[in-house]
Amino acid sequence: MNIFLFRLSRSLSIGIFIIVIGLSIIMIARTFSIYSEFYSQGIIRIFLINLGLLSLIFVFNWLCFEKFTIWVKK
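Presented here is an overview of the structure given in this document. Since the structure is predicted, the reported quantities are computational estimates derived from the model, not experimental observations.

Summing up its helical and strand segments, the protein chain has two helices and zero strands in all. Within the protein chain, residue pairs in contact and separated by at least 24 positions form 62% of the contacts whose partners lie at least 6 positions apart. Total accessible area on the protein chain is roughly 5,600 Å²; 71% of this is exposed by carbon and sulfur atoms.

Below is the structure:
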């Protein structure tokens, strides 16, 4: 296993987890807002961005390590 790709995969996974958790917190905060009816399109966009980011790490790990997972074990 190439150590550079392994470390890149780990840093991508951690970075994407932080982004997904941050966007999910924003989505939850907007859901409980008094203006939540105006943010329904924004929530759908945030959800699609989260799916796109997670699929990015799935595809990267699948192409580099032939494993369809978010976290590659050494």
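The next point concerns the packing of aromatic side chains. In this structure the tally under the stated criterion is one aromatic pair. Residues F58 and F68 carry aromatic rings whose centres are separated by 4.8 Å and whose planes lie at 20° to one another, so their mutual orientation is stacked. Pair noted here: F58 is in helix α2 (residues 40–65) and F68 is in the segment after α2, with a separation of 10 residues, a long-range link. A residue is classified by how much of its surface remains accessible, and F58, at 24% relative accessible area, is partly exposed.

Although it is not a glycine, E66 adopts a positive phi angle of roughly 55°. With respect to the helices and strands, the residue E66 is situated in the segment after α2. Exposure remark for E66: the relative accessible area of 71% places this residue in the exposed category.

What follows is about the side chain of N61. One can find N61 in helix α2. The exposure class assigned to N61 is buried, which follows from its relative accessible area of 0%. Within the local environment of N61, its side chain forms a polar contact with the side chain of S9, the two groups lying 2.6 Å apart. A distance of 3.0 Å separates the side chain of N61 from the backbone oxygen of I70, its partner in a polar contact. Residues contacting N61, with those up to four places away along its chain left out, are S9, E66, K67, T69, I70, W71 and V72.

What follows concerns the side chain of N50. Looking at the element boundaries, N50 is found in helix α2. The class for N50 is buried, based on a relative accessible area of 6%. Ignoring sequence-local partners within four residues, the contact set of N50 consists of V20, L23 and S24.

Cut-offs applied
- Residues numbered from 1 in each chain as written.
- Predicted model: local features only at pLDDT ≥ 70, side-chain atom pairs only at ≥ 80, totals over all residues.
- Heavy atoms only, no water.
- Helix = DSSP H or I, 4+ residues; strand = E, 2+ residues; numbered from the N terminus.
- Contact = heavy atoms within 4.5 Å.
- Areas by Shrake-Rupley, 256 points an atom, 1.4 Å probe, with all protein chains shown as cover.
- Phe/Tyr/Trp six-rings, centres within 6.5 Å; stacked < 30°, edge-to-face > 60°.
- Buried < 20%, exposed > 50% of the residue type's maximum accessible area, 1.4 Å probe, protein only.
- Polar contact = N/O pair within 3.5 Å; in protein donor to acceptor, adjacent residues only side chain to side chain.

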